[in-house]
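# Coordinate analysis (summary)
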Amino acid sequence: MDRVVAVLVGLPPLLVLTLVIVLPALESSTLLGLVVPGETAILIGGLVAHGGALPLWAVVAGGAFGACLGDQVGYALGRRYGPSVLDRAPRVLRRRVDLRRARRLVARRGAWVVVTGRWVAVLRTVVPLIAGAGGMRWPLFLRANLLGGLLWATAVATLGYLGAASYHYLERELGIGEWALLALVGAVVALRMWRVRREPASR
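Residues numbered from 1 in each chain as written. Predicted model: local features only at pLDDT ≥ 70, side-chain atom pairs only at ≥ 80, totals over all residues. Heavy atoms only, no water.

### Quick notes on the overall build of the chain
Helices and strands together make up the secondary structure of the chain, namely 11 helices and zero strands. Counting helices and strands in the order they occur from the N terminus, the chain gives α-α-α-α-α-α-α-α-α-α-α. Counting across all 203 residues of the chain, residues that qualify as buried make up 37%. Considering only contacts in the chain between residues 6 or more positions apart, those separated by 24 or more positions represent 76%. (Helix = DSSP H or I, 4+ residues; strand = E, 2+ residues; numbered from the N terminus. Buried < 20%, exposed > 50% of the residue type's maximum accessible area, 1.4 Å probe, protein only. Contact = heavy atoms within 4.5 Å.)

### A word on helix α2 (residues 13–30)
With 18 residues, α2 ought to run about 26 Å at 1.5 Å a step, and its terminal C-alpha atoms sit 25 Å apart, in line with that. Taken together, the buried positions of α2 are Val 16, Val 20, Leu 23, Pro 24, Ala 25, Glu 27, Ser 28 and Ser 29. (Expected span 1.5 Å × (residues − 1).)

### A few points about the packing of aromatic side chains
What characterises a pair of aromatic rings is the spacing of the ring centres plus the angle enclosed by the ring planes. For the coordinates displayed, the defined rule picks out one aromatic pair. Between Tyr 75 and Phe 141, the ring centres sit 4.6 Å apart and the planes meet at 20°, which makes this aromatic pair stacked. A residue pair is termed long-range when its members are at least 10 positions apart, and Tyr 75 in helix α4 (residues 56–81) and Phe 141 in helix α10 (residues 138–174) qualify at 66 residues. Per residue, the accessibility class of Tyr 75 equals that of Phe 141, and both read buried. One Lys or Arg, Arg 118, reaches over the ring of Trp 152 and ends 4.6 Å from the middle of that ring. (Phe/Tyr/Trp six-rings, centres within 6.5 Å; stacked < 30°, edge-to-face > 60°. Lys NZ or Arg CZ within 6 Å of the ring centre and 35° of its normal.)

### Here we look at the environment of Val 113
Checked against the element boundaries, Val 113 lands in helix α8 (residues 111–116). Sequence spacing of Val 113 and Ala 102 is 11 residues, and the spatial spacing of their C-alpha atoms is 9.4 Å. Among residues more than four places away in sequence, those in contact with Val 113 are Leu 105, Val 106, Arg 118 and Val 127.

### Description of the pattern of salt bridges
Within this structure, the stated rule accounts for two salt bridges. With a shortest N-O distance of 3.6 Å, Glu 27 and Arg 118 are connected by a salt bridge. Here Glu 27, found in helix α2, pairs with Arg 118, found in the loop between α8 and α9 (121–133); they are 91 residues apart in sequence, far enough to count as distant. One salt bridge in this structure joins Asp 71 and Arg 118, with 2.7 Å as the shortest N-O distance. Linking Asp 71 in helix α4 with Arg 118 in the loop between α8 and α9, this pair joins segments that are 47 residues apart in sequence. Arg 118 matches Asp 71 in its accessibility class, with the two residues each being buried. (Salt bridge = Lys/Arg side-chain N within 4 Å of Asp/Glu carboxyl O.)

### What about the confidence of the model for the chain?
Put simply, the chain has an average pLDDT of 76, and 66% of its residues get 70 or more. Segment residues 170–179 is flagged for pLDDT under 50; beyond a separation of four residues in sequence, or across chains, it makes 12 contacts in the model. Confidence drops under a pLDDT of 50 for residues 199–203, and excluding neighbours within four residues, the segment shows one contact in the predicted structure. (pLDDT = per-residue confidence, 0-100.)

### A closer look at α4
The first and last C-alpha atoms of α4 sit 38 Å apart over 26 residues, in line with the 38 Å expected at 1.5 Å per residue. Looking one or two residues past α4, Gly 82 carries a phi angle of roughly 70°, positive in sign.

This is the structure we're talking about:
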């Protein structure tokens, strides 16, 4: 585990910052978030910030900028092509989210969904498209988008920063950092596999 942390901290700061901006930007503009969630890069950015190679504020600013930029592109695509852009959504997206229900949710809750949907990987890939296709006013979307992106990037980057600090503390003071992290990773993987197997059965 030390080697993994050392490799991540040793990445070129410019590369890390580029990923912090680009991955969130591609989430809703290209639906990349269905495969690689944008918070992955921001978590790594927080970890690198703890190592001193990047200031934490730069990771937060980069993540928020990328998230907002990608959502603006998604909104513009929805505005330009209308509901038809969702009708041509990839099958993997239609399996993971009920697009009709998502449309109704955006229509009822509007800006609130733009802010809170940022915290759910599948929603943040489609909410900008739905907002644009549904005719949400751009100034309202922009304000909600900026607020949601900033809160999300701040929380995720801080989580990565504090996670690195906690790991070093556990390993230095208690000698259980590696085992604790491995147990946590194992639990997350097991939960993910259980949910994937459970989803087809629940339909």
